[in-house]
Amino acid sequence: MKIKRSSGVLMAVSSLPSPYGIGTLGKAAYDFIDFLFESGQSYWQMLPLGPTSYGDSPYQSFSSFAGNPYFIDFGFLVEDGLLTRADLSGIDFGEDELRVDYGKIYQNRFGVLYKAYKNGAERDAARFSEFKEENDSWLSEYATFMVAKEKFCMRPWIEWEDKDLRLHKPEAVESFRRERVDRIEFYKYMQFLFFTQWKELREYAAKKEIGIIGDIPIYVPLDSADVWSEPEQFQLDEDNLPTKVAGVPPDYFAKDGQLWGNPLYDWDTMKKDGYGWWIRRIAGASKLYDIIRIDHFRGFESYYAIPYGSETAKVGEWEKGPGKDFVNIITSWFSDIQFIAEDLGFLNPEVTELLRESGLPGMKVLEFAFDWREPSNYLPHTYTNNCVCYVGTHDNNTILGWREEADEKDVLMAREYLGISDEEGLAWGFIRGGMTSVADLFIMQMQDILELPKDARMNVPGTVGGNWQWRTDNGYRKEKFIIDKLAELTRISGRSNSEWLALYSKE
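Residues numbered from 1 in each chain as written. Predicted model: local features only at pLDDT ≥ 70, side-chain atom pairs only at ≥ 80, totals over all residues. Heavy atoms only, no water.

## Let's talk about helix H1 (residues 27-38)
Keep this limit in mind: Each helix corresponds to a stretch of at least 4 residues labelled H or I by DSSP, and each strand to a stretch of at least 2 residues labelled E; elements are numbered beginning at the N terminus. Here the expected length of a helix is defined as 1.5 Å per residue gap, with one fewer gap than residues. A simple rule labels every residue: compare its accessible area, found with a 1.4 Å probe on the protein chains alone, to the largest value its type can have, and call it buried under 20%, exposed over 50%, or partly exposed in between.
Taking 1.5 Å per residue, 12 residues should reach 16 Å; H1 reaches 16 Å between its end C-alpha atoms and fits that length. When you tally the buried positions in H1, you get 10 out of 12 residues, the bulk of the element. When H1 is considered as a whole, its buried residues turn out to be Ala28, Ala29, Tyr30, Asp31, Phe32, Ile33, Asp34, Phe35, Leu36 and Phe37. Of the residues one or two after H1, glycine 40 is the one with positive phi, at around 80°.

## Side note on the pattern of salt bridges
Keep this limit in mind: A carboxyl oxygen of Asp or Glu within 4 Å of a side-chain nitrogen of Lys or Arg is what we treat as a salt bridge.
Per the stated rule, a full pass over the model turns up 34 salt bridges. In this structure, glutamate 150 engages arginine 183 in a salt bridge whose closest nitrogen and oxygen atoms are separated by 2.9 Å. Here glutamate 150 is found in helix H6 (residues 136-151), whereas its partner arginine 183 is found in helix H9 (residues 181-207), with 33 residues between them in sequence. The partly exposed category is assigned to glutamate 150, whose relative accessible area is 26%.

## As for the environment of alanine 283
Of note, alanine 283 is situated in helix H12 (residues 276-286). Residue alanine 283 is classed as partly exposed on the basis of its relative accessible area, which comes to 30%. Taking the C-alpha atoms as reference points, alanine 283 and aspartate 80, separated by 203 residues in sequence, lie 29 Å from one another.

## A short note on the pairing of strand S1 (residues 6-10)
Buried residues dominate S1, accounting for five of its five residues. Judged by which residues are buried, S1 turns out to be covered on both faces: Ser6, Gly8 and Leu10 on one side and Ser7 and Val9 on the other are all buried.

## Section: the sheet that holds strand S8 (residues 317-320)
Stated formally: Any two strands with at least two DSSP-identified bridges between them are counted as paired. Angular values range over 0 to 180 degrees, each being the angle between N-to-C directions of two axes fitted as lines to C-alpha atoms, with helices fitted over their stretch in contact.
Here we have four strands laid out as an open sheet, ordered S5-S4-S7-S8, and antiparallel in their pairing. Strands with a single pairing partner mark the edges of an open sheet, and in this sheet they are strand S5 (258-263) and S8. The sheet shows a mean angle of 50° between the axes of neighbouring strands, direction not considered. Pairing of strand S7 (residues 302-307) with S8 involves four bridges; the strand directions are antiparallel. Along S8, the bridge assignment pairs tyrosine 304 with tryptophan 318.

Right under this line is the structure:
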């Protein structure tokens, strides 16, 4: 399955406007799909949709399968009779409409959702029961895990005093479930609400021929239902503590490297059943996304292993991953799904060859292209069709922020290479450069479409606090010239949504 020549916009669900402190699957999400359609786009790329944990990062989720309860829209629950307007009155979801206050969201959202559960679980009994049965492979473990975390003050499971529950002994798990039936059912019902709203949104997007691109982070957090419930899939000791953890070695950007701390997979164990854990994981992602971007693809060839307990990533070493055996199984098993390989960072010849053999499109980031000191394979004239061009990813600055921090000669090189005039502006010059490249797919951040400065940056890798907070307001829907400008550039670049083209040809 090959990606057609097309384009799309990267924006997190959390960044959408809403009166509830964070973007949701409500009206603003539908409005954004309308924006994408009206501007000729074919894809909405978003960040992972799982429930966030420490640091609020969508790449550190409590579950590889669950949806984020923060994204359940309260307005739709009112329309559905599960809440009243009075239930939402006087609740503090944060004072700044352009930033997410995760602390207040965590403190105040679940009480509202519990009211919806009490009002709806019995009414929705038949559909709820069907949902639980369809998702039993992960739902019960996730809900039990979250309720156990509540019991132990949300501490990581490796710190739970109940050793048998911590080690996921079947008798202890079943005993705990019998003690906490109502609360576990609440967590399951939140997933029912999330996936009900998500299904309706995705169907709306499909009618507009807007596909959804989503990420699968290569690793899962130690403090997750995945590791707690299936420790045999990971490199853990007899106490289910990691022996080695993930990260990347020191480089130009981080002198100590990056110590991610995720447990590493036991690839030998996974191979015994044909990588069943990964097949289940990707099958779960296929319920959410039309195209799946695999984060840190190079880790399948070789991965950086750091001894557990290390203070920095300086002491790690590279170990062999599952390689083409794994990649071939995944791509053949899911032959109807298009994957994107995130192949940024240090690539040795073996990684390059694995990507070539897989046939998957890799990534090109324009912000990495302009280094006046040496040629870059991120420059558009080096591209082949089989790649995805980005202005920048969620880990990059906005273009206007990049201009402030980049070497003046790099900025000058970008202006000259892309032929950017003062009238066009740097952000739209980069967008035009990506649009007119030969890459099959081009993705731009919403922040760059809106020409926003560096304080709209989504994430600064290697830092904790202040990330994942940016939100937009409804202003972009009122600026018709943005829609018209983007639609025309998309059309002349041959990337327009076919439904949009059909409508355009009638006008």
